[in-house]
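Here are the chains, one letter per residue:
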Amino acid sequence: MPFVITDPCIGTKDTACVDVCPVDCIHPRKDAPEFEAATMLYIHPEECIDCGACVPACPVTAIYDSVDSVPSSQKDLIEANQVYRNGDAAAMAAAEAIVQAHIGARADLMQLDPNERQAAH
Ligand code: SF4
Ligand code: SF4
């Protein structure tokens, strides 16, 4: 089961997880052309080796250790992690559409500071 990034990454996106991932499966990297436009980062579900290094690195506890552990308020973002692909504009648009829908639907979470969001999941 791959690890999954959820909404505390929105507004944080500091790439601390990218720096510790041994297989470089968290996208987009800071040096990727997609980085500025990406609202959050995504974990490639087939590249992730479930090592767990990214979880303690995340300052806002945005990363869950499996699809099954993602709480109900964040289930929509599993698909965003699954569909995003670097260098694929359509895939990025699909992932971003899911994220924007999440932002629109979860005003309760979005009004919180990213540091407080995970506790409210
Ligand atoms: S669990 Fe390991 S391989 Fe998967 S995204 Fe996190 S750091 Fe990368
Ligand atoms: S460490 Fe957390 S907040 Fe930072 S980019 Fe990764 S998932 Fe997003």
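A few points on the structure. All figures in this text were calculated on a predicted structure; none of them were measured in a lab.

**Some remarks on the site of ligand 2**
Here is step 1: Close contacts around ligand 2 come from 14 residues, with Cys9, Thr12, Ala16, Cys17 and Cys58 the closest.
Here is step 2: Looking at side-chain class alone, the shell around ligand 2 contains ten nonpolar, two polar and two charged residues.

**Points about unusual backbone geometry**
Comment: phi is negative for the bulk of residues other than glycine, and the bulk of peptide bonds are trans.
Here is step 1: The omega torsion of the bond from His27 to Pro28 falls at -10°, within 30 degrees of zero and hence cis.
Here is step 2: By the element assignment, Pro28 lies in the loop between strand S2 (26-27) and strand S3 (42-43).
Here is step 3: Positive phi outside glycine occurs at Asp24, with the angle close to 55°.
Here is step 4: Tracing the chain through its elements places Asp24 in the loop between helix H1 (16-20) and S2.
Here is step 5: Given 10 C-beta atoms within a 10 Å radius, Asp24 is considered exposed.
Here is step 6: Residues other than glycine seldom take positive phi values, yet Asp50 does so here, at roughly 60°.

Quick notes on the rules
- Residues numbered from 1 in each chain as written.
- Chains lettered and ligands numbered in written order.
- Predicted model: local features only at pLDDT ≥ 70, side-chain atom pairs only at ≥ 80, totals over all residues.
- Near = placed C-beta within 6 Å.
- Nonpolar A, V, L, I, M, F, W, Y, C, P; charged D, E, K, R; others polar.
- Helix = DSSP H or I, 4+ residues; strand = E, 2+ residues; numbered from the N terminus.
- Buried ≥ 20, exposed ≤ 12 C-beta atoms within 10 Å, placed from the backbone.

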